[in-house]
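# Fold and geometry: a report
Listed below, chain by chain, are the residues.
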Amino acid sequence: MRSPKWFQIGFKFKRWLISGVVGVLLLIAALFILIKDTDIPHTIWLSSLILGIVGVYAIILCLRNIFLKFVSVYSNGKMGKPSNVTEVSSIIYKRKILASEPMVVVIGGGTGTSTILRGLKAYTSNIAAIVTVADDGGGSGALRNDLGILPPGDIRNCMIALADTEPVLERLLKYRFTEGSLKGQCFGNLFLAAMHGISDGFEDAVHNMGNVLAITGKVYPVTEDNVFLVAELEDGTQIRGESRIGSHNFTHPGRIKRVMLDKDKALPVKKAIETIEKADVIVLGPGSLYTSIIPNLLVDGVSKAIAKSRAKKIYVSNIMTQPGETDGYSVSDHIKAIHYHTGEPVIDICIVNSGKIPFYVQKKYEKDDAQMVSIDYDNIKKLGIKIIEKNLVSVNNNNLVRHDSNVLAHTILDVTKNQ
């Protein structure tokens, strides 16, 4: 005797199969009525027609829902569960077409990395983000101090960028508490912190959260070591803490000479290194030069893996200088800073912005001593780096300059295919 649980397992699947069987029986009954006699009263003829229509509808409903079930199972939840047949083509496109596109590895952190990831997922599902974990300010810093976990903020932003979440879920993950002891804390950070509590380490927690959100691609912390960022100014002064480096001009003005980790040998996440080795293209930036991009390159083995990789290495230049970090920097100054910290050239191509920002936005940035990053063509070419110019300017609702995620992603994939 079969267990009653057998009938419960996959009940939704079986009920559609039953509707198909009922549909076939209704259709047979309708045909039988129509063919058993040539002289049929109108009422019986109409009844048989209704039976036939209901039968055909039940069969179509059966086939439609069984098909959607199979697609849902085949996608393993990674592509989202289709609610109608029109979504199936999107799932197939994501699973088959985008999966055959080049492998893009983005290295960085902060707003810049999430911006580029949001654009890339429309062009390829072979995406990996390697994200810095040196943040010690804001909500991430508070969780780091209270729970002893690595800062979740940059990781959370990357996951939201790669997830096909419903609007309400995205708002939930971005929600910041406004009162009480959690004031200023982001729910997405708490979600990752809770996931860390039931996982085998931070990397595993990031992996599990990615599965829950069904993200496109992968997100890896660059290291699981508890590291802090230290900046050394040209006068020898050291500023400890990522949150203090960008604002050091208020307390001790000076140009940054280099940044370092407070730990000599921070071990990289193994899968992050493996991903770099498999990459077709490696993208550095956009983002804060000294606090989002370079910290990843300081983790033991990362710079060497990038240098050895046969991938095309692209640096996406920032559009604006960043007070306290890159005051007065040109594009080549950004590149030289990266090469100084890697110990060898690792950039083949530089994507720069050729667009203009609105006058009122420019004036706003000038009040904070920020300007557009100048493109010093001759110096860049002397470094042996190819320049690609695109209008990358996008101004958000807060009048902040961001990269246009779609244009940037399209440019990167074009470079990958045409170079």
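For the structure, check the block above.
We now turn to the structure provided with this report. Computed from a predicted model, the values in this text were never measured in an experiment.

Helices and strands together make up the secondary structure of the protein, namely 18 helices and twelve strands. The buried share among the 419 residues of the protein stands at 47%. Expressed as a percentage of contacts within the protein between residues at least 6 apart in sequence, the contacts between residues at least 24 apart total 69%. Split by element, the accessible area of the protein, about 21,500 Å² in all, is 56% carbon and sulfur.

Below, the discussion takes up the sheet that holds strand E9 (residues 349–353). Spatially, seven strands are ordered E3-E2-E1-E7-E8-E9-E10 in an open sheet, and the strand pairing comes out parallel. At either margin of the open sheet sits one strand with a lone partner, and together these are strand E3 (218–221) and strand E10 (386–390). The mean inter-strand angle of the sheet, taken between neighbouring strand axes irrespective of direction, is 20 degrees. The pairing of strand E7 (residues 281–284) with strand E8 (residues 312–316) spans four bridges and is parallel. By the bridge assignment, Ile282 is partnered in E8 with Lys313. Lying on the sheet, helix H12 (residues 270–278) is in contact with strand E1 (104–108), strand E2 (127–131), E3 and E7; it crosses E3 at an angle near 125 degrees.

Pairing within the open sheet is antiparallel, and its three strands lie in the order E5-E4-E6. Of all strands in the sheet, those with a lone pairing partner are strand E5 (238–240) and strand E6 (256–261), marking the two edges. For this sheet, the mean inter-axis angle between neighbouring strands, taken without regard to orientation, is 20 degrees. Sheet analysis places strand E4 (residues 229–233) next to E5, joined by three bridges and oriented antiparallel. Following the sheet pairing, Val230 is matched in E5 by Arg240. The sheet strands contacting helix H13 (residues 289–297) are E4 and E6, and the helix crosses E6 at an angle near 50 degrees.

This paragraph deals with the nonpolar core. Soluble globular proteins tend to pack their nonpolar side chains together in the buried interior. Ranked by size, the top nonpolar core spans 97 residues in total, and within it Leu117, Val219, Ile276, Leu284, Tyr315, Ile338 and Ile412 carry the most contacts. For this core, the leading source of residues is helix H7 (residues 153–162), giving six residues. Not counting the four nearest positions on each side in its chain, Ile276 is found in contact with Val105, Ile107, Ile130, Ile282, Val302, Ala305, Ile306 and Ser309.

Attention shifts here to unusual backbone geometry. Cis geometry is adopted by the peptide bond preceding Pro286, which originates at Gly285 and carries an omega value of -5 degrees. In this fold, Pro286 is placed in the loop between E7 and H13. Phi at Asn399 is positive, roughly 60 degrees, even though this residue is not glycine. Overall, the relative accessible area of 28% leaves Asn399 in the partly exposed class.

On the surface, a cluster of nonpolar side chains totalling about 850 Å² of accessible area is made up of Leu31, Leu34, Ile35, Trp45, Leu46, Leu49, Ile50, Ile53 and Val54. Broken down by element, the residue count for the nonpolar patch peaks at six residues, all from helix H3 (residues 42–74). Note that Ile35 resides in helix H2 (residues 11–36).

This part is about the packing of H13 against helix H15 (residues 331–342). As a packed pair, H13 and H15 sit with axes 9 Å apart at the nearest point and diverge in direction by 35 degrees. For the crossing formed where H13 meets H15, the hand is right-handed. Contacts between H13 and H15 pair Leu289, Tyr290, Ile294 and Leu297 from the former with His334, Ala337, Ile338, His341 and Thr342 from the latter. Here the residues of the contact of H13 with H15 sort into six nonpolar, three polar and no charged.

For the rest of this paragraph, the subject is the pattern of salt bridges. Under the definition given, this model contains seven salt bridges. Ionic pairing is found between Glu232 and Arg258, a salt bridge with its closest N-O pair at 3.0 Å. With Glu232 in strand E4 and Arg258 in strand E6, this pair connects stretches of sequence that are 26 residues apart. Classification of Arg258 by relative accessible area gives partly exposed; the value is 30%. For Arg255, the salt bridge is made with Glu234, and the minimal N-O distance between the two is 3.9 Å.

Relative to the helices and strands, Ser309 resides in the loop between helix H14 (302–308) and E8. With sequence-adjacent residues up to four places away left out, Ser309 is seen in contact with Ile276, Ala279 and Ile282. Within the structure, the side chain of Ser309 is placed 3.0 Å from the backbone nitrogen of Ala311, a separation counted as a polar contact.

Among the secondary structure elements, His248 is positioned in the loop between helix H11 (242–245) and E6. From its side chain, His248 meets the backbone oxygen of Gly254 in a polar contact 2.7 Å long. Ignoring sequence-local partners within four residues, the contact set of His248 consists of Leu233, Ile239, Pro253, Gly254, Ile256 and Gly324.

It is worth spelling out the pairing of E1 at this point. Counting buried positions along E1 gives five out of five residues, so the element sits mostly inside the fold. Of the two faces of E1, the one holding Val104, Val106 and Gly108 and the one holding Val105 and Ile107 are both buried throughout. Sheet topology note: the E1/E2 ladder contains five bridges and is parallel. In the sheet register, Val106 faces E2, and the bridge partner there is Ala129. As a crossover connection, the stretch from E1 through helix H5 (residues 110–120) into E2 is right-handed. Note: E1 against E7, four bridges, orientation parallel. Bridge pairing in E7 places Val105 opposite Ile282.

Basis of the calculations
- Residues numbered from 1 in each chain as written.
- Predicted model: local features only at pLDDT ≥ 70, side-chain atom pairs only at ≥ 80, totals over all residues.
- Heavy atoms only, no water.
- Helix = DSSP H or I, 4+ residues; strand = E, 2+ residues; numbered from the N terminus.
- Buried < 20%, exposed > 50% of the residue type's maximum accessible area, 1.4 Å probe, protein only.
- Contact = heavy atoms within 4.5 Å.
- Areas by Shrake-Rupley, 256 points an atom, 1.4 Å probe, with all protein chains shown as cover.
- Pairing = 2+ DSSP bridges.
- Axes fitted to C-alpha atoms, helices over the stretch in contact; angles between N-to-C directions.
- Core = buried A, V, L, I, M, F, W, Y, C linked by side-chain atoms within 4.5 Å.
- Patch = residues over 30% accessible without salt bridge, like charges linked within 9 Å, V, L, I, M, F, W, Y side chains within 5 Å.
- Salt bridge = Lys/Arg side-chain N within 4 Å of Asp/Glu carboxyl O.
- Left-handed = near helix turned anticlockwise from the far one by under 90°.
- Nonpolar A, V, L, I, M, F, W, Y, C, P; charged D, E, K, R; others polar.
- Polar contact = N/O pair within 3.5 Å; in protein donor to acceptor, adjacent residues only side chain to side chain.
- Right-handed = clockwise from strand over helix to strand, strands pointing away.

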